[in-house]
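Each chain is listed here by its residues.
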Amino acid sequence: MHAVVLVGGFGTRLRPLTFEIPKPLLPVCNIPLLERLMTSLAHGGVTHAVLALGFKPEPFLKAFPNNRCADVELSYAVEDRPLDTSGAIGFAAREAKIYERGKTFIVANGDILTDLDVAKLVLFHHSVKAEGTIHLTPVADPSQYGVVETDATGKVLRFVEKPKSGETMSRHVNGGTYIFETSALERMPGTAPLSIERETFPEMVRDGVLYAFASDDYWIDAGRPDTYVRSNIELLSRKSIYQVTPIATTAKVDATAIITQSTIGANCVVGENAQIVRSVLIDGAKVDANAVVIDSAVMGHVGAFAQVTSCLIGAQGEINSGAVLRDAKVPDPAC
Ligand code: GDD
Ligand code: MG
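Residues numbered from 1 in each chain as written. Chains lettered and ligands numbered in written order. Predicted model: local features only at pLDDT ≥ 70, side-chain atom pairs only at ≥ 80, totals over all residues. Heavy atoms only, no water.

1. Brief notes about the coordination of the magnesium ion (ligand 2)
- The magnesium ion (ligand 2) binds to the protein through Asp 111 (OD) and Asp 221 (OD); the donor distances cover 2.2 to 2.3 Å. Here Asp 111, found in the loop between strand E7 (104-109) and strand E8 (112-114), pairs with Asp 221, found in strand E14 (residues 219-221); they are 110 residues apart in sequence, far enough to count as distant.
- You can call Asp 111 buried: its relative accessible area is 7%. (Donors = N, O, S within 2.8 Å, 3.2 Å for Na, K, Ca; no water. Helix = DSSP H or I, 4+ residues; strand = E, 2+ residues; numbered from the N terminus. Buried < 20%, exposed > 50% of the residue type's maximum accessible area, 1.4 Å probe, protein only.)

Following this line, the structure appears as structure tokens:
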């Protein structure tokens, strides 16, 4: 089975981390998010994936030098301008000649971690003879997602991207994994920007060819600061198909440091009596003696006795000794 994986967004919400590392290559328990997604797709029968890229492919080529990721063969489609989600699928599917490789293919947003067995989604898709099928997941607050209303057979009656309060009563949202017949590519020419959420899905709803399949498998969109950190922490404790390495072997963690529900990347240094709580230290991060890091992701340097809570500290981020910081991004991406 072939897949198109959307990895061309700017990762704006995760700046400044994404100034250095594209969102899909950020680590989740020390393995790139994309590799975890590919592991999950491979379990469901995916053997080849084209990465729909909006940027240069170099960081991806470097991360996967043999063009293989979790036993999935990779190819690349690089847009010369952002084509948005539907445009990107149409462009990448043609670059990879997906329509010559079979009648049905998979699409995945590149920032999703889920235990969904994509093979089940394919089975459902065929059983209802859909042109497209969306994986649905239940959430408490749908405002950040695409909300889907269906009838009892799973046919989609309405798709509302990022609804305003009260606009829909459904709590089932688009989980960012889709199954398509290659005939759906006629709706996605791939030559100009087009949104799958705001244009293609509503058009498919009008034509009565879009279905949805809900599951309560573990699911998280790791593309926001809180969910990125949470995706790491939850993987430490939940049962999953993924291999978990909380502390990289090359990290230097002082014996007196206290590490609680956190992941520590390669070549990180954690000084004496430092406390790391529900946080992610990304490769090369340095936390000096007696500093406290809580609910944060750190690539840069946190000085001695500093206290950092709910922050993103990029590779160029320098937190002075003794500083107290909450809900901050350093360096500030807005500047
Ligand atoms: N190649 C390419 N080109 N990829 C893109 C582009 C583009 O122009 N724009 C966005 N993407 C990729 C992103 O890299 C990401 O993997 C995926 O498309 C979705 O974009 P996000 O920016 O992460 O969207 P979102 O999280 O706000 O919403 C989407 O995901 C939700 C589930 O997590 C929507 O699909 C929602 O409907 C959905 O509920
Ligand atoms: Mg997202």
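2. Some thoughts on the pairing of strand E9 (residues 132-138)
- Of all seven residues in E9, six are buried; the element is thus mostly enclosed.
- Across six bridges, E9 lies against strand E12 (residues 172-181) in antiparallel orientation. Within E12, the position partnered with Gly 132 by the bridge is Phe 180.
- Bridging between E9 and strand E13 (residues 210-214) involves five bridges; their strand directions are parallel. Paired with Gly 132 across the strands is Leu 210, a residue of E13. (Pairing = 2+ DSSP bridges.)

3. Topic: the layout of surface pockets
- By volume, the largest pocket amounts to about 850 Å³.
- In terms of lining, the largest pocket is formed by 37 residues, of which the most central are Arg 13, Lys 23, Thr 85, Asn 109 and Glu 197.
- Residue classes in the lining of the largest pocket are distributed as twelve nonpolar, 15 polar and ten charged.
- Here the second largest pocket is characterised by a volume of approximately 350 Å³.
- Considering the residues around the second largest pocket, the lining is formed by 17 residues, among which Leu 25, Pro 27, Asn 30, Pro 32 and Asp 283 are closest to the centre.
- The greatest single-element share of the lining of the second largest pocket, amounting to three residues, is contributed by helix H3 (residues 58-63). (1 Å grid on protein atoms, 1.4 Å probe; cavity = no way out; pocket = protein on both sides within 12 Å on 5 of 7 lines; lining within 4 Å. Points joined across faces, edges and corners; volume = space filled by probe spheres on them. Nonpolar A, V, L, I, M, F, W, Y, C, P; charged D, E, K, R; others polar.)

4. Quick word on the packing of helix H4 (residues 84-95) against helix H6 (residues 196-207)
- Where H4 contacts H6, the two axes come as close as 7 Å, and the packing angle between them is 70°. By the angle between their directions, the pair H4 and H6 is classed as roughly perpendicular. Of the residues in H6, those touching H4 at Thr 85, Ser 86 and Ile 89 are Ile 196, Glu 197 and Thr 200.
- Classifying every residue of the contact of H4 with H6 gives two nonpolar, three polar and one charged. (Axes fitted to C-alpha atoms, helices over the stretch in contact; angles between N-to-C directions. Parallel < 35°, antiparallel > 145°, perpendicular 65-115°, else oblique. Contact = heavy atoms within 4.5 Å.)

5. Notes on the domain arrangement of the chain
- For the chain, the domain assignment lists domain 1 (2-236) and domain 2 (252-330).
- Averaged C-alpha coordinates put domain 1 and domain 2 at centres separated by 32 Å.
- Counting residues at the interface gives 17 residues for domain 1 and 21 residues for domain 2.
- Surface buried jointly by domain 1 and domain 2 totals about 1,300 Å² across both partners, of which 76% is contributed by carbon and sulfur atoms.
- On the domain 1 side of the contact with domain 2, Leu 17, Val 229 and Ile 233 bury the most area, a combined 34% of that side's loss.
- Linking domain 1 with domain 2 are zero salt bridges, by the criterion used here. (Domains from an automatic or database assignment. Buried area = accessible area lost by both parts, 1.4 Å probe. Salt bridge = Lys/Arg side-chain N within 4 Å of Asp/Glu carboxyl O.)

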